[in-house]
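In case you want the letters, here they are:
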Amino acid sequence: MELVVRKTDLLRELQLFQGIVERKNTIPILANVLIEAGGDEVKMLATDLEVGLRSKCPASVAKGGSLTLPAKKLYEIVKALPDTDVRIEQDRNGVKVAADRFDSRMQTLPKEDFPTLPEATGTASATLPRDVLRQMVSKTQFAITGEDTRYFLNGALFILRPDSMGLVSTDGHRLALISVPRDKGKAKSRPEEEVRVILPRKTLLELGRLLADGDGDIQYERGDNHLFFDIGGRLLISRMIDGQFPAFERVIPKSNDKRVEFDRDRLTAAVKRVALLSNERSRAVKFQMDKGKVEIASSSPEFGEAKETVMVDYSAAPVTICFNAQYILDFLSVVETDSVGLEFKDEMSQAVLKPVGAEGYDYTYVIMPMRV
Amino acid sequence: MDSVLKRILHVDMDAFYASVEQRDNPSLRGRPVAVGGDPAHRGVVAAASYEARQFGVRSAIPMARAVRLCPSLVIVPPDFRRYTVVSRAVFEIFHAVTSLVEPLSLDEAYLDVTDNAWGETLGTVVAQRLKSEIHATTGLTASAGVAPNKFLAKIASGWKKPDGLTVIAPERVEQFLHKLPVDALWGVGPVTAGRLRERGIARLIDVRTVDDAVLRAAVGSQADWLRQLADGHDDRPVVPNRSAKSSGTENTFSNDLTDLTQIRAEIDEMARDGAAWLERKGLVCRTVTIKVRYSDFSTITRSHTALPATRHADEIAARATMLLERSEAGRRPVRLLGVSVHNLMDPSAEPDGDPGLPFSGPDEE
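Please set out the overall build of chain B residue by residue, giving values where relevant.
Scanning chain B from N- to C-terminus turns up 13 helices and 12 strands. Here chain B holds 365 residues, and the buried ones make up 47% of them. Taking as baseline every contact in chain B between residues at least 6 positions apart, the subset at least 24 positions apart corresponds to 63%. Accessible surface, chain B: about 17100 Å² in total, of which carbon and sulfur atoms supply 51%.

Written out as structure tokens, the structure reads:
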């Protein structure tokens, strides 16, 4: 194989692979990117067996072929090169990566070891608007539990209905649900029924990254065990998480009869300040709702206590609810509306935060109160 | 003597696992059934139905021997999840009468009913009511012993089985002790019993008159304890939720495991046992540990600690199987697997954290 590619083109693509490749290095080949040269382009593929990315960029190919190189090291090298053409060439002694006066020889691993990933058929199950999908990902991804818990919570539930789509995530303590109506004009082929799949956390993360820049809609296709997202020519391939997503409808409260509306910036600032003196482990802050005001208070056994009063429109019975400050701040940092509403019943039942006046989507954030 | 006489119950489900199997599968009723492992793979009998016991099949004997004793034996692989569900129902009945319930296993517990929620003054009546409630709820029978202390209650419950009820009233303790052979005692196995008999101690009351040195030579440090029992004394209280520090399950496999799916399934099951134990003890854990012994006997452990503490079976199972990825299980053959739960705490004493979203709770009205 022998090819020449522009540094900026190659770097842009290699950067996208950095989140994909296996970091733990348990299977050496998964740290590599498969590079295939042919025609007038170079194709790249990397995977950690959960998520895979296929991408390409223009290149002048002198001799077609394929090989694998360590994704991280190759990225570091290309990044450090001057803005010029990069030559990648395989000969009997190994793989040469060169540019300008720089010359290097890199270790390769047999391309035969590279795992085979399923192919998309190219017939999209649905077309998803880029901005909408990006919004959905950013508003749910933070509530997915980290590693090591109930594995079905290591992902978000994607719900595709003929007239709407939704994404739900939860770590068992709070739950984020966003639902967006689907534009009827744009549909090519519509699923007749509701489709529910669990997307791994990493898929969401990479999806968020790939959606960040560029434009054009996303072609979504569902395979047997995999999902495919075609994002402007880059294909994100994701394993589906096998398992039963919890019955999230059950924890969305229907009998919350009290409500407070906050100015988002004011609430954010108050919670941040008060949380500085919250118990470091629990991060508990107390919301004391009373006539016309909410007092947000905290106390830490080591450092002391804090409170701040926010004036609000409230006339129902006084209620004190304790929340994890981080859960509140997570929500506040992803909504854009000027006001947010807190709906609740009592100090034990799930409370709901919602943006006020959000247009084009419905966002519900459920938090389980802490025991006081 | 004790200032206040206690009323202690020992309740033991009859042939528990086997009875659950016979209850749930009518074709097993009336037939000799053994719950346990495959005889071809060094399996052991975990429980034998009363029909099987007539052939001499007992729990803890090798399944291969059980089959020789009873060629018509029906072998059923254990399904601990189902037993746990039944066990929970039984313990709920126990807890309805007193909070002083000390579980010994899935199917066995001590209850102190000196004060009880039913306001019954007779331990016998409490035992009868418990037995009939257990039968009404689970369709299974239990045997119960009623006595002034744990040691006598335990012996009493085994006196008549199945569906038995034996009462040792305080005034009849002495008479009862007189006919009690030493091997009826819990903790006195055949070897110890043999050593005692060699020294002329056949009945428990013989312990009273034997020379201290002789007794010590036979049972070592247990001598003082045995003397107390011989006098009918046992002042151990019924302790709900003994303060255990951890609980674990280990399995050695007859053939080394290499199939990761099977390894995961084994870990999953052991983790769920751990969760069931936490459930019974009313505790939650922060740490889950797995143990893997490879075929070359090298052994590793991997732990994961997280907050909030949990006893959620799915979560503990997921954490345990996740830990497998930090081992070489499967890539290297595995001889033994274990899962344990540590860093236990009483959730009611844990002020931090929330109880979690009620996914499995009742629907909102």
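How would you summarise the packing of aromatic side chains if you had to cite specific residues and measurements?
Geometry of an aromatic ring pair is reported as the spacing of the ring centres plus the angle between the planes. Scanning the model with the defined rule gives 13 aromatic pairs over all chains in all. With 5.5 Å between their ring centres and 45° between their planes, Y220 of chain A and F229 of chain A make a pair best called tilted. Judged by centre distance (5.2 Å) and plane angle (75°), the ring pair of F91 of chain B and F94 of chain B falls under edge-to-face. One end of the pair, F91 of chain B, and the other, F94 of chain B, are both in helix α4 (residues 80-97), three residues apart, so they sit about a helical turn from each other. A cation over a ring is seen here: R129 of chain B above W118 of chain B, with NZ or CZ 4.0 Å from the ring centre. Its end group placed over the ring of Y294 of chain B, R332 of chain B keeps NZ or CZ at 3.9 Å from the ring centre.

Would you mind going over the environment of L16 of chain A in detail, with residue names and values included?
Residue and element names in this part refer to chain A. Tracing the chain through its elements places L16 in helix α1 (residues 7-17). Through-space distance from the C-alpha of L16 to that of R209 is 7.9 Å; in sequence the pair is 193 residues apart. With sequence-adjacent residues up to four places away left out, L16 is seen in contact with L53, E206, L210 and R234.

Break down the confidence of the model for chain B for me, with residues and values.
Confidence in the prediction for chain B averages 86 pLDDT; 94% of positions are at 70 or higher. Scoring the predicted complex yields pTM 0.55 and, for the interface, ipTM 0.79.

So what about the sheet that holds strand β9 (residues 102-106) of chain A? Which residues, and what values?
All names here are of chain A. Spatial strand order, β5-β1-β7-β8-β9: five strands in an open sheet with antiparallel pairing. Among the strands making up the open sheet, the edge pair consists of β5 (60-63) and β9. Here the strands of the sheet are splayed against their neighbours by 15° on average, with no regard to which way each runs. Inspection of the sheet shows strand β1 (residues 2-6) paired to β5 by three bridges, in the antiparallel sense. Among the inter-strand pairings, E2 is bridged to a residue of β5, identified as K63. Running at roughly 90° to β1, α1 makes contact with β1 and β7 (85-91) of the sheet.

Describe the sheet that holds strand β18 (residues 258-263) of chain A, naming the residues involved and giving the relevant values.
All names here are of chain A. Pairing in this open sheet of eight strands is antiparallel, and the strands run β14-β11-β12-β13-β25-β24-β23-β18 from one edge to the other. Lying at the two open borders of the sheet, with one neighbouring strand each, are β14 (195-200) and β18. Ignoring which end each strand starts from, the neighbouring axes of this sheet average 20° apart. Where helix α3 (residues 130-138) meets the sheet, its contacts fall on β11 (155-160), β12 (164-170) and β13 (174-181), and the angle it forms with β12 comes to roughly 20°.

With reference to specific residues and values, describe helix α6 (residues 150-159) of chain B.
Among the 10 residues of α6 of chain B, eight are classified as buried, and the element is accordingly described as predominantly covered. The opening residue of α6 of chain B is N149 of chain B, an N-cap whose side-chain oxygen sits 3.3 Å from the backbone nitrogen of F151 of chain B.

I'd like a description of the pattern of salt bridges, backed by residues and values.
Considering all chains together, one arrives at 48 salt bridges over all chains under this definition. Put simply, E50 of chain A and R239 of chain A hold a salt bridge, and the shortest N to O gap is 3.1 Å. You can see E50 of chain A sitting in the loop between β3 (41-47) and β4 (51-58) and its partner R239 of chain A sitting in strand β17 (residues 234-239), a full 189 residues away along the chain. What makes R239 of chain A partly exposed here is its relative accessible area of 31%. With a shortest N-O distance of 3.0 Å, D296 of chain B and R332 of chain B are connected by a salt bridge. Taken together, the positions of D296 of chain B in the loop between β10 (284-294) and β11 (299-310) and R332 of chain B in the loop between α13 (313-324) and β12 (334-345) put the pair 36 residues apart, joining distant regions of the chain. Within the structure, one salt-bridge network assembled from shared partners comprises E21, R23, D24, D79 and R82 of chain B.

Talk me through unusual backbone geometry; I want residue IDs and the actual numbers.
Excluding glycine, residues mostly have negative phi values, and the peptide bonds linking residues are mostly trans. A cis amide bond links K161 of chain B with the next residue in sequence, P162 of chain B, at an omega value of -10°. Tracing the backbone shows P162 of chain B in the loop between α6 and β8 (165-167).

Explain the side chain of D171 of chain A to me, and be specific about the residues and the numbers.
All names here are of chain A. Along the chain, D171 falls in the loop between β12 and β13. Residue D171 is classed as buried on the basis of its relative accessible area of 13%. Here H173 takes part through its backbone nitrogen, which lies 2.8 Å from a polar atom of the side chain of D171. Within polar-contact distance, the side chain of D171 engages the side chain of R174 at 2.8 Å.

Mind laying out the pairing of strand β7 (residues 142-147) of chain B, listing which residues take part and the relevant values?
Residue and element names in this part refer to chain B. When you tally the buried positions in β7, you get six out of six residues, the bulk of the element. Across the two faces of β7 the burial is the same, with A142, A144 and V146 and S143, G145 and A147 all buried. In the sheet, strand β1 (residues 8-13) pairs with β7 via six bridges, with the strands oriented antiparallel. The residue of β7 that forms the bridge with L9 is V146. Handedness of the crossover is the feature at issue here: the chain leaves β7, passes through α6, returns alongside β8, and the resulting connection is left-handed.

Please provide a residue-by-residue account of the environment of D12 of chain B, values included.
Residues and elements named next belong to chain B. Locating D12 in the fold gives a position in strand β1. For the pair D12 and A109, spaced 97 residues apart in sequence, the C-alpha separation works out to 6.8 Å. Filtering out sequence-adjacent residues up to four positions away, D12 remains in contact with D107, E108, A142, S143, S157 and K161.

Rules and cut-offs
Residues numbered from 1 in each chain as written. Chains lettered and ligands numbered in written order. Predicted model: local features only at pLDDT ≥ 70, side-chain atom pairs only at ≥ 80, totals over all residues. Heavy atoms only, no water. Helix = DSSP H or I, 4+ residues; strand = E, 2+ residues; numbered from the N terminus. Buried < 20%, exposed > 50% of the residue type's maximum accessible area, 1.4 Å probe, protein only. Contact = heavy atoms within 4.5 Å. Areas by Shrake-Rupley, 256 points an atom, 1.4 Å probe, with all protein chains shown as cover. Phe/Tyr/Trp six-rings, centres within 6.5 Å; stacked < 30°, edge-to-face > 60°. Lys NZ or Arg CZ within 6 Å of the ring centre and 35° of its normal. pLDDT = per-residue confidence, 0-100. Pairing = 2+ DSSP bridges. Axes fitted to C-alpha atoms, helices over the stretch in contact; angles between N-to-C directions. Polar contact = N/O pair within 3.5 Å; in protein donor to acceptor, adjacent residues only side chain to side chain. Salt bridge = Lys/Arg side-chain N within 4 Å of Asp/Glu carboxyl O. Right-handed = clockwise from strand over helix to strand, strands pointing away.

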